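This is what each chain is made of:
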Protein chains: 2
Amino acid sequence: MFTDEYFMKMALNEAEIALEKDEVPIGCVVVSNNRVIARAHNLTETLNDVTAHAEMQAITSAANFLGGKYLKNCTLYVTLEPCVMCSGALSWAQISKVVIGARDEQRGFINKNLSLHPKTEIVTGIMEYECSLIVKEFFKSKR
Amino acid sequence: MFTDEYFMKMALNEAEIALEKDEVPIGCVVVSNNRVIARAHNLTETLNDVTAHAEMQAITSAANFLGGKYLKNCTLYVTLEPCVMCSGALSWAQISKVVIGARDEQRGFINKNLSLHPKTEIVTGIMEYECSLIVKEFFKSKR
């Protein structure tokens, strides 16, 4: 039951909430022991704040929940590959695992030759089509 | 009067406030038209939040002050070279200028071959000795 697709669907649901707010539709959840401990979506326009990416909010929220700043037994499910800022935050958080929906060749951290914490496992391509489509359709509607 | 040293002293004052709270002593200010519009210091321990670097808080705070998410006519004065996370945030903010006290060869963005926004001017080495000393003394006291 608790597959990567199961949790990525929840992250995608967050992206859909962002879309309803006319935000770039990116969402994520943080999972610990098969329990969702944080969920967030991009709010940069609503909050007028470039730092309000889904991942940044989820990291803060998960740390609040856990009562400690490290996310050592946690997995982040995120619909789009994290940017430089978010990859830096995930490194500091020493998160155990990051599961990515769609790649972001231009803005994502992987093509910048950045790595996360040495102990962080990275999985890509979970529900890639759906996670990519929602962002592509959003930008198409803006042109 | 409004030299780089003038504003870096204010950033260093923020670092000293962090030190009093037993935080890694890093501070910054954001300046627009020779006016300080945001000031912040590292609060990662106090807030139990890896994202609570001085720069991240100052970016959010300056955007709140300006009522817009871009810091296009702003200069950040920061006592220590920004990390990967903070450099990503500064890129998104399209800040005009970043003035750095001490370099951070290990954790700083420059040696990771990351760049800020193409229009962002970067100045290093302002009050380097003082900005470096406060961090070195902090870590020495922790060993």
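Residues numbered from 1 in each chain as written. Chains lettered and ligands numbered in written order. Predicted model: local features only at pLDDT ≥ 70, side-chain atom pairs only at ≥ 80, totals over all residues. Heavy atoms only, no water.

- Going by the annotation in an unreviewed UniProt entry, the name recorded for chain A is tRNA-specific adenosine deaminase, with Chryseobacterium geocarposphaerae given as the source organism.
- The UniProt entry for chain A carries the following comment under Catalytic activity (unreviewed entry): "adenosine(34) in tRNA + H2O + H(+) = inosine(34) in tRNA + NH4(+)".
- Turning to chain A, the UniProt record has this under Subunit (unreviewed entry): "Homodimer." (UniProt positions renumbered as here; feature names shortened; annotations may be inferred.)

**Points about the overall build of chain A**
Part 1 of the argument: Within chain A, the secondary structure is distributed over 4 helices and 5 strands.
Part 2 of the argument: The N-to-C order of helical and strand elements in chain A reads α-β-β-α-β-α-β-β-α.
Part 3 of the argument: Counting only C-alpha atoms, chain A reaches 40 × 35 × 30 Å along its principal axes.
Part 4 of the argument: A buried classification covers 53% of the 143 residues belonging to chain A. (Helix = DSSP H or I, 4+ residues; strand = E, 2+ residues; numbered from the N terminus. Buried < 20%, exposed > 50% of the residue type's maximum accessible area, 1.4 Å probe, protein only.)

**Looking at the confidence of the model for chain A**
Part 1 of the argument: Here chain A shows a mean pLDDT of 97. Residues at 70 or above account for 100%.
Part 2 of the argument: Model confidence for the complex is summarised by a pTM of 0.97, with the ipTM given as 0.96. (pLDDT = per-residue confidence, 0-100.)

**Here's the deal with the UniProt feature "domain: CMP/dCMP-type deaminase" (unreviewed entry) in chain A**
Part 1 of the argument: Mapped onto this numbering, the UniProt entry annotates "domain: CMP/dCMP-type deaminase" (unreviewed entry) at residues 2-112 of chain A.
Part 2 of the argument: End C-alpha to end C-alpha, residues 2-112 of chain A measures 32 Å, and it is 36% helix and 23% strand.

**What about the relation of the copies chain B and chain A?**
Part 1 of the argument: Once chain B has been moved 0.0 Å along the axis and rotated by 180°, it coincides with chain A to within an RMSD of 0.0 Å. Here the copies are linked by what is in effect a two-fold axis. Closest approach to the rotation axis among the C-alpha atoms of chain B is made by Met85(B), whose C-alpha sits 1.9 Å away. (Least-squares fit on C-alpha atoms with pLDDT ≥ 70 in both.)

**Some remarks on the packing of helix α2 (residues 54-66) of chain A against helix α3 (residues 84-93) of chain A**
All names here are of chain A.
Part 1 of the argument: At a minimum axis distance of 9 Å, the contact between α2 and α3 shows a crossing angle of 20°. The angle between α2 and α3 falls in the class roughly parallel. Classified by chirality, the crossing of α3 by α2 is left-handed. Contact residues: Glu 55, Met 56 and Ile 59 in α2; Met 85, Cys 86, Ala 89, Leu 90 and Ala 93 in α3. (Axes fitted to C-alpha atoms, helices over the stretch in contact; angles between N-to-C directions. Parallel < 35°, antiparallel > 145°, perpendicular 65-115°, else oblique. Left-handed = near helix turned anticlockwise from the far one by under 90°. Contact = heavy atoms within 4.5 Å.)

**Quick notes on the packing of aromatic side chains**
Part 1 of the argument: Using the criterion set out here, one finds 10 aromatic pairs over all chains in the structure.
Part 2 of the argument: Relative to Tyr6(A), the ring of Phe2(A) lies with its centre 5.4 Å away and its plane at 80°, an arrangement referred to as edge-to-face.
Part 3 of the argument: Residue Phe2(A) is classed as partly exposed on the basis of its relative accessible area, which comes to 40%.
Part 4 of the argument: Measuring from centroid to centroid gives 5.3 Å for Phe7(B) and Tyr77(B), while their planes differ by 35°, and the two rings are tilted. Of the two residues, Phe7(B) sits in helix α1 (residues 4-20) while Tyr77(B) sits in strand β3 (residues 74-80), which places them 70 residues apart along the sequence.
Part 5 of the argument: Owing to a relative accessible area of 5%, Tyr77(B) belongs among the buried residues under this scheme.
Part 6 of the argument: Taken together, Phe2(A), Tyr6(A), Phe7(A) and Tyr77(A) form an aromatic cluster joined through their ring pairs.
Part 7 of the argument: The side chain of Lys72(A) reaches across the aromatic face of Tyr70(A), ending 5.3 Å from its centre. (Phe/Tyr/Trp six-rings, centres within 6.5 Å; stacked < 30°, edge-to-face > 60°. Lys NZ or Arg CZ within 6 Å of the ring centre and 35° of its normal.)

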